[in-house]
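Structural features, examined
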Amino acid sequence: GNASLQITGNGWQQIKSHDLNTGDLQNVNSKLTFDLFLGETQNNPWWTGQVQLFVNCPSANIHNHYIGSVELTGLPLDQFSPVSFTLPQSVLNVLNESHSDFSFSISINTNTGSGAYYFDNMRFGN
């Protein structure tokens, strides 16, 4: 929580990581998880929002490759919840090679004026 990335709800937004060297990544496996905190201010009780994950690695000819989406409606408010995505084998192959230009992009679509939202603890596994 002390070093989390905070945003407020403002419709569709995309957050891109800095370029990563795949050789520096540890415990690489098919499950990518991060913790997401949903603030108590939610303007629409029937739809809280959605997050999507994309990966990029220009040297491996991967450009904004869609991994999947997770609905936020139903997640508890005012606490962190794990959000997980399953990486396809083609992305795992790239992660197990040597690339210095790999990045993740997380898109979040929320109601304007909702939040706050905190992103923290991205990791491979649960």
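Treat the numbers as computed from the prediction; the structure is a model and nothing was measured. (Residues numbered from 1 in each chain as written. Predicted model: local features only at pLDDT ≥ 70, side-chain atom pairs only at ≥ 80, totals over all residues. Heavy atoms only, no water.)

**What to know about the environment of Thr73**
Within the secondary structure, Thr73 is located in the loop between strand E5 (62–71) and strand E6 (79–86). Residue classification places Thr73 among the partly exposed residues on the basis of a relative accessible area of 34%. Sequence-wise, Thr73 and Phe54 are 19 residues apart; in three dimensions their C-alpha atoms are separated by 21 Å. Apart from the residues within four sequence positions on either side, Thr73 is in contact with Trp46, Trp47, Thr48 and Gly49. There is a polar contact of 2.8 Å between the side chain of Thr73 and the backbone nitrogen of Thr48. (Helix = DSSP H or I, 4+ residues; strand = E, 2+ residues; numbered from the N terminus. Buried < 20%, exposed > 50% of the residue type's maximum accessible area, 1.4 Å probe, protein only. Contact = heavy atoms within 4.5 Å. Polar contact = N/O pair within 3.5 Å; in protein donor to acceptor, adjacent residues only side chain to side chain.)

**Comments concerning the pattern of salt bridges**
For the structure on display, the rule yields two salt bridges. For the salt bridge of Asp19 with Lys16, the shortest nitrogen-to-oxygen distance reads 3.6 Å. In this structure Asp19 comes out as partly exposed when scored by relative accessible area, which is 43%. Measuring nitrogen to oxygen at the nearest pair gives 3.2 Å for the salt bridge that ties Arg123 to Asp35. Taken as a pair, Arg123 in strand E8 (residues 115–124) and Asp35 in strand E3 (residues 31–41) lie far apart in primary sequence, 88 residues in all. (Salt bridge = Lys/Arg side-chain N within 4 Å of Asp/Glu carboxyl O.)

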